[in-house]
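# Observations on the model geometry
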Amino acid sequence: MAKKKSYKILVVEDEPALQQTLGDKIKREGWEYIPSLNGEEGLRTIKKSQPDLIILDLLMPKMSGLEMLKEVRKIYDKQDLPVIILTNYSEGQNVSEAIALGADIFLVKANYSLEEIIEKIREVLD
Amino acid sequence: MKLFTQLVTLFIGLTLIPLIFVGLLTYANTKGVITDQIMAQLVSIADIKKNQMNQVIDAYLADVEELALRNYLRLNLEEYNQNPTIELASSIEANIFDSLISSPEIVSIAIKDSKGKTVASVGDDYVEPLVNTKQSPAIENIFMNSQGIPRVLLRSPIIVNNSTIGSVEVVSKIDPFRIIAGDYSGLGQSGEVLIAKKNEAGDALFLTPIRFDQGAALKRIVKKDRTDVPSTHAVSGEEAFFLSGMVDYRGVPVLAVTRFIDRQGWGIVVKIDRDEVFQPLTSILLTFIVIITTTLLAVVLVAVFVARAITKPISQLSQAAGKLSQGNFTAAIEIISYYPSNEIGVMAKAFTKMASQLKELYRNLEAKVKERTHDLEKFELAVDSAYDQIVITNPDGLILHANKSIERITGFKLKEVLGRKVGSRELWGGQMGPDFYKKLWKTIKIDKKTFSGELINHRKNGDNYNVLVRISPVLDDKNRVVYFVGIERDITKEKEVDKMKTEFVSVASHQLRTPLTAIRWYVEEVYNGELGKLNKNQKDYLKQILESNERMIRLVNDLLNVSRLESGRVTVEPVLTDLVELIGTVVNECGILAKAKNCQLNFIKPKSKISKIKIDPVLIAQVINNLVSNSLKYSKSSGEKCSVVIDLSKKDPNVIISVKDNGIGIPSGLQNRVFDKFFRADNAIKSETEGTGLGLYISKMVVEASGGKIWFESSEDGTTFTFTLPLSGSPARKGEKGLS
């Protein structure tokens, strides 16, 4: 039996409905789910809880996803703390910027099922 | 002086001057001749008169001498002297009385004794005894008698044996003298003969009546100081001729000759009035004046006529030339009305012709210039009123002209920018990187092609603005750049609108996607049984929800793509792509759908190898996918087995990809709308209710952005869609990364 590693997933997302489904799904996978409602909170939470991966939305109040990513990457690089951008804001500019800032993958939420998203997480963390 | 006047003057001068010259000569000549003639005549007459006078005097003396020599008388007188008796006296008286009677001209005779006492006298005039006696007969005097009649007093001594015993005195008429003086023959109408002697005062006393003064005898005098009168000279003994400067006793200018009778002391003047002498001269002069005047008139008339005939054409020509020099061609031609058949006429004709040609030339030129100006005005107007900014520069980029829009767009006025270098920081340019400008100049100056691009400029007040620019070189016939024409359009607003649209679309799509995502995830989890087992019906319903939701998501994606494609924001990233591989991948992807539709999907590879071409694989894959899935979706449900064939071939300069099906086809009436946004044909809708109507629209945009063309053929038996891609590859386009 493969040892199911328990990952700590930080989900930075301002939509409560989406937080819930994502959270439930992660929990069902047997991973730890840490929510944050905006970039600012996200940064604080990183310090507190040391996640293995960040699911990062872009459009958020107080601090946007890209801003937070910038801050994160000041401290943690891709190897240490991979980031998956999960957003419905698909402007191409953001994609290249996000990748340039050190995101691993850029996903448009509406185009992926939860199952597919879990797959991607697994891909990145393995 | 005008030519006409010159000619007339010449004519007049040429005729009059010789005429006058000749006239003057003739006059002078004639005068001389006349003078000489008259003078000779006068001299001759004067001599004759002198002769005559002498003869008359001789005659007188002879008469008196005769008496004195009468023997009878002498004897009687001698006797008387001794013995003065009355008988003797009477005898003497009777003697002289005879002479008196027999000589009509004798007026009185008196015999005087030696003492001077009158012995006997007969006749009327009696004279006082004289004191002076001469020894020979002489004319003692001419005197006025008591009646005022001039008489001659003659005297002769009576001599016997050499001693004077007495004298005889005779008073005679002066008629002989008068006759001499009264003979004016040869002296014209005004000639006179004057006989005069000096009186006691020394003045000249006329002795005889004269032509113009019958009572002049012994009355009229000419004062001795009047040396301008010939009489004065005559009585002084001068024998001369006087041609000029002399007047007579009347004060009238005369020609005169003087003679002197020595023994009497009498002067003779033969004179004639100058006027009479020179009268012929005067009439010559008058005639001459008449001739000259008449000639002058005639000459003037002729001269005017001839001069006019000569000068008229010249004058016309000169006037015409004047008008020509002022640019008045019509007047120049019209002025010349007369072409004489001489060299002037030739000149005039040539001139008229030249003027006509010039007029024509000018007219043509004017018309051309007008036309060009019209054209120019049209174009100037067009350029000036263009909404975009139009700048014309010389090959070095110095601004020659800019239209009005420059002030509106850049904030600089036309006069501020003329002559300055375009694209400089001081004006509205210079904000793009050096590479940009390098490329710009290379394109227009070295490649001599049009440059199009977008850039950012700044207005005079410092504000930045977006510009769509198009700069074209204008070349001369030697392919050298003479101008650059740059058109700039301020697209700041468009860019803003674009940006807003983009943002709107992004935000809108984001806002739409968020609830769609929520629905998807929640429903998916329930559908997958994560929240408990479901019965079939529940699963069915949830499936429906999921499918509808998926449709919505696809629609949002399509809308987003369309928006991006339309605003040109899709990146075309050409990479060398193997088409065979690409199509193969798509075929694989569509495999599931093909199976579901029970369709045969075939890919016909090309006969000869097609090398990789530069295309954007993502975009082209999308197109092929769209065409294939359309073919599969719109296949016939009954009848022949559904078959979709993909063909790849090469035909210079393109590759050709076609997707052929035997599906439901596109109704002919709707075929022209197939590529329209959101268009779906009725039969398509019936066949497959899903479908956004955007697939072909997007495919067309992608194909055309890639440099190719897309078209189709369709009937009830099926449809074939074909598109081309250039072998040279698609042009790269910067936008945002790919399609959703």
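Attention now moves to the overall build of chain A. Check the secondary structure of chain A and you find five helices and five strands. Ordered by position from N to C terminus, the α and β elements of chain A give β-α-β-α-β-α-β-α-β-α. Against the compact-globule benchmark of 14 Å for 126 residues, chain A has a radius of gyration of 13 Å, which places it among compact chains. For chain A, the C-alpha atoms occupy an extent of roughly 45 × 30 × 25 Å along the three principal directions. Across the 126 residues of chain A, 56% fall into the buried class. In chain A, of all internal contacts separated by at least 6 residues, the share reaching a separation of at least 24 is 62%.

Moving on, we come to the domain arrangement of chain B. Where the parts come together, the accessible area they lose is often given as the size of the interface. As assigned here, chain B comprises domain 1 (57-139 + 157-167), domain 2 (339-380), domain 3 (386-490), domain 4 (496-564) and domain 5 (571-726). Each of domain 2 of chain B and domain 3 of chain B was reduced to a C-alpha centroid, and the two centroids are 43 Å apart.

A separate point is the interface of chain B and chain A. Taken together, the contact between chain B and chain A spans 23 residues of the former and 26 residues of the latter. Of all residues in chain B, H510, W521 and Y522 of chain B bury the most surface against chain A, accounting for 32% of the area lost on that side. Summed over the shared surface of chain B and chain A, the result is five salt bridges. When the shortest N-O distance is used, the salt bridge between E116 of chain A and R520 of chain B registers 3.8 Å.

A word on the packing of helix α14 (residues 579-589) of chain B against helix α16 (residues 617-633) of chain B. Residue and element names in this part refer to chain B. Axis separation between α14 and α16 bottoms out at 10 Å; the angle between their running directions is 50°. Classified by the angle their axes make, α14 and α16 are oblique. When the axes of α14 and α16 are compared, the crossing they make is right-handed. Only P617, I620, A621, I624 and N625 of α16 make contact with α14, whose side of the interface consists of L582, I583, V586 and E589. Per-class residue counts for the contact of α14 with α16 are seven nonpolar, one polar and one charged.

Residue and element names in this part refer to chain B. For the peptide bond that leads from D652 to P653, omega is 0°, which places it in the cis range. Position of P653 relative to the elements: it lies in the loop between β20 (643-651) and β21 (654-661). The residue K448 is not glycine, and still its phi comes out positive at about 55°. By secondary structure assignment, the location of K448 is in the loop between α11 (434-446) and β14 (451-458). Relative accessible area serves as the criterion here: at 30%, K448 is assigned to the partly exposed category.

About the criteria used
Residues numbered from 1 in each chain as written. Chains lettered and ligands numbered in written order. Predicted model: local features only at pLDDT ≥ 70, side-chain atom pairs only at ≥ 80, totals over all residues. Heavy atoms only, no water. Helix = DSSP H or I, 4+ residues; strand = E, 2+ residues; numbered from the N terminus. Rg over C-alpha atoms; globule rule 2.2 N^0.38 Å. Buried < 20%, exposed > 50% of the residue type's maximum accessible area, 1.4 Å probe, protein only. Contact = heavy atoms within 4.5 Å. Domains from an automatic or database assignment. Buried area = accessible area lost by both parts, 1.4 Å probe. Salt bridge = Lys/Arg side-chain N within 4 Å of Asp/Glu carboxyl O. Axes fitted to C-alpha atoms, helices over the stretch in contact; angles between N-to-C directions. Parallel < 35°, antiparallel > 145°, perpendicular 65-115°, else oblique. Left-handed = near helix turned anticlockwise from the far one by under 90°. Nonpolar A, V, L, I, M, F, W, Y, C, P; charged D, E, K, R; others polar.

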